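Notes for the structure review
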Amino acid sequence: MGIWLIITYKFVKAGLMLGLAIWLTTDPEAVYLLGQRVAHELVEARPFMVRLGNWLHTHLTKHVIERSALVAWLDGFTTALEGTLLLLGKPWGEWLVVIGLSLFLPFEVYEVIHKPGVGKAIVLLLNAAIVVYLVYELLIPAHRARSRQVPPAG
């Protein structure tokens with residue numbers, strides 16, 4: 001059941017990221033205008049959102065949108081590859097997911113510590129749970145196989 005949840009998560013995430021990549025690539029002007037509109041709404045909405053709105057207005061550029069499109073394409077394709085490898089039952093696919101997620105965990109911990117947020121905490125917990133689950137699933141069968149191979153007495 002656990003592996004199917006991970007596979008489903010991977011394919012849903014891949015679809016969302018590839019959809020975002022297509023949008024960022026095909027209509028960057030609309031993305032920019034929407035971002036500026038959101039920034040304006042944040043500044044106008046509530047006093048505690050002014051800082052976020054100002055930051056978004058200052059940092060949202062066409063160059064950032066282009067880079068974001070590249071990152072979205074890369075993330076979408078690698079996530080789809082991971083989901084496919086898991087679906088095909090390739091053990092090295094599981095290790096690929098473990099290594100990929102493990103590399104980002106320190107950055108996610110840093111973000112949660114320095115800029116706490118519920119969403120960030122949920123992503124961190126989900127990714128950590130996936131890593132622990134996959135490592136457990138990969139190492140337990142190997143441990144059981146080794147423990148069955150008892151050397152002959154004498």
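The rules behind these values
- Positions within a chain are numbered from 1, following the residues in the order the chain's sequence is written.
- At least 70 in pLDDT is required for a residue's local features to be given in this predicted model, at least 80 for side-chain atom pairs to be given and counted, and no such filter applies to totals for whole chains, interfaces and linings, which use all residues.
- To obtain the side-chain values, all non-hydrogen atoms of the structure were used and water was disregarded.
- Only DSSP runs of H or I reaching four residues or more are called helices, and only runs of E reaching two or more are called strands; each is numbered from the N terminus.
- What the globule rule says is 2.2 Å times the number of residues to the power 0.38, and the radius of gyration is computed from C-alpha atoms.
- Think of it in three bands: with a 1.4 Å probe and only protein chains considered, a residue is buried below 20% of the maximum accessible area for its type, exposed above 50%, and partly exposed in between.
- Only the stretch in contact is used when fitting a helix axis, every axis being a line fitted to C-alpha atoms; angles between N-to-C directions are given from 0 to 180 degrees.
- What sets the label is the angle itself: under 35 degrees gives roughly parallel, over 145 gives roughly antiparallel, 65 to 115 gives roughly perpendicular, and the rest give oblique.
- Note on convention: near helix rotated counterclockwise from far helix by under a right angle means a left-handed crossing. Clockwise means right-handed.
- Each residue gets one label: Ala, Val, Leu, Ile, Met, Phe, Trp, Tyr, Cys and Pro are nonpolar, Asp, Glu, Lys and Arg are charged, and the others, such as Gly, are polar.
- Side-chain atoms within 4.5 Å are what join buried Ala, Val, Leu, Ile, Met, Phe, Trp, Tyr and Cys residues into a set we call a nonpolar core.
- A contact between two residues is defined here by any heavy atoms of the two lying within 4.5 Å.
- Stacked, edge-to-face and tilted are the three classes for Phe, Tyr and Trp ring pairs, Trp counted by its six-membered ring, which pair at centre distances within 6.5 Å; planes under 30 degrees apart are stacked, over 60 edge-to-face, the rest tilted.
- For a ring to carry a charge above it, either NZ of a lysine or CZ of an arginine must fall within 6 Å of the ring centroid while also lying within 35 degrees of the normal to the ring plane.
- Side-chain atoms alone can form a polar contact between residues adjacent in sequence; in general such a contact is a pair of N or O atoms within 3.5 Å, and within protein one must be able to donate a hydrogen while the other accepts it.
- Multiply 1.5 Å by the residue count of a helix minus one, and that product is the helix's expected span.

Structural notes on the overall build of the protein
For the protein, the helix and strand inventory stands at 6 helices and 0 strands. Listed N to C, the secondary structure of the protein is α-α-α-α-α-α in terms of helices and strands. Here the C-alpha atoms of the protein give a radius of gyration of 21 Å, more than 25% beyond the 15 Å that 2.2 N^0.38 yields for 154 residues. Taken along its principal axes, the extent of the C-alpha atoms in the protein is 80 × 35 × 25 Å. The 154 residues of the protein split such that 27% are buried.

Notes on the environment of glutamate 29
Note on placement: glutamate 29 falls in helix H2 (residues 28–45). Residue classification places glutamate 29 among the partly exposed positions, given a relative accessible area of 36%. A C-alpha to C-alpha distance of 32 Å links glutamate 29 and valine 112, two positions 83 residues apart in sequence.

Some words on the packing of helix H1 (residues 2–26) against helix H4 (residues 62–87)
Following both chains from N to C, one finds H1 and H4 inclined at 155°, their axes separated by 7 Å at the closest point. Between H1 and H4, the angle falls in the class roughly antiparallel. Taken as a pair, H1 and H4 cross one another with a handedness that is left-handed. Within the contact of H1 with H4, the residues separate by chemical class into 20 nonpolar, 6 polar and 4 charged.

What to know about the nonpolar core
If you look at the biggest cluster of nonpolar residues, it comprises 13 residues, and the most contacted ones within it are Leu86, Val97, Ile130 and Leu134. Within the residue set of this core, elements represented by two or more residues are H1, helix H5 (91–114) and helix H6 (118–148). At 5 residues, the largest contribution of residues to this core is made by H6. In this structure, valine 97 is in contact with Lys10, Glu82, Leu86, Ile130 and Leu134, ignoring residues within four places of it in sequence. Among the nonpolar cores identified, the runner-up in size contains 10 residues, and Leu24, Val31, Leu60 and Ile65 belong to it.

Comments concerning the packing of aromatic side chains
If you walk through the whole model with that rule in mind, you get 1 aromatic pair. Aromatic pair tryptophan 73 and phenylalanine 77: ring centres 5.8 Å apart, planes at 20°, arrangement stacked. Of this pair, tryptophan 73 and phenylalanine 77 both sit in helix H4, 4 residues apart, which is roughly one turn of that helix. On the basis of relative accessible area, tryptophan 73 is assigned to the partly exposed category, the value being 27%. Cation over ring: lysine 62 sits above tyrosine 32, and NZ or CZ is 5.2 Å from the ring centre.

Describing the side chain of glutamate 82
In this structure, glutamate 82 sits in helix H4. One polar contact links glutamate 82 to lysine 10, side chain to side chain, over a distance of 2.6 Å. If near-sequence neighbours (up to four positions away) are discounted, glutamate 82 is found in contact with Lys10, Leu96 and Val97.

Points about H4
Taking 1.5 Å per residue as the helical rise, H4 with its 26 residues ought to reach 38 Å, and the 37 Å between its terminal C-alpha atoms agrees with that figure. Those residues of H4 not exposed but buried are Ile65, Ala69, Ala72, Gly76, Thr79, Ala80, Glu82, Gly83, Leu85 and Leu86. Along its buried surface, H4 packs onto H1, H2 and H5. The first or second residue beyond H4 is glycine 89, which carries a positive phi of 75°.

Remember, this is a structural readout, not a statement about activity or role.
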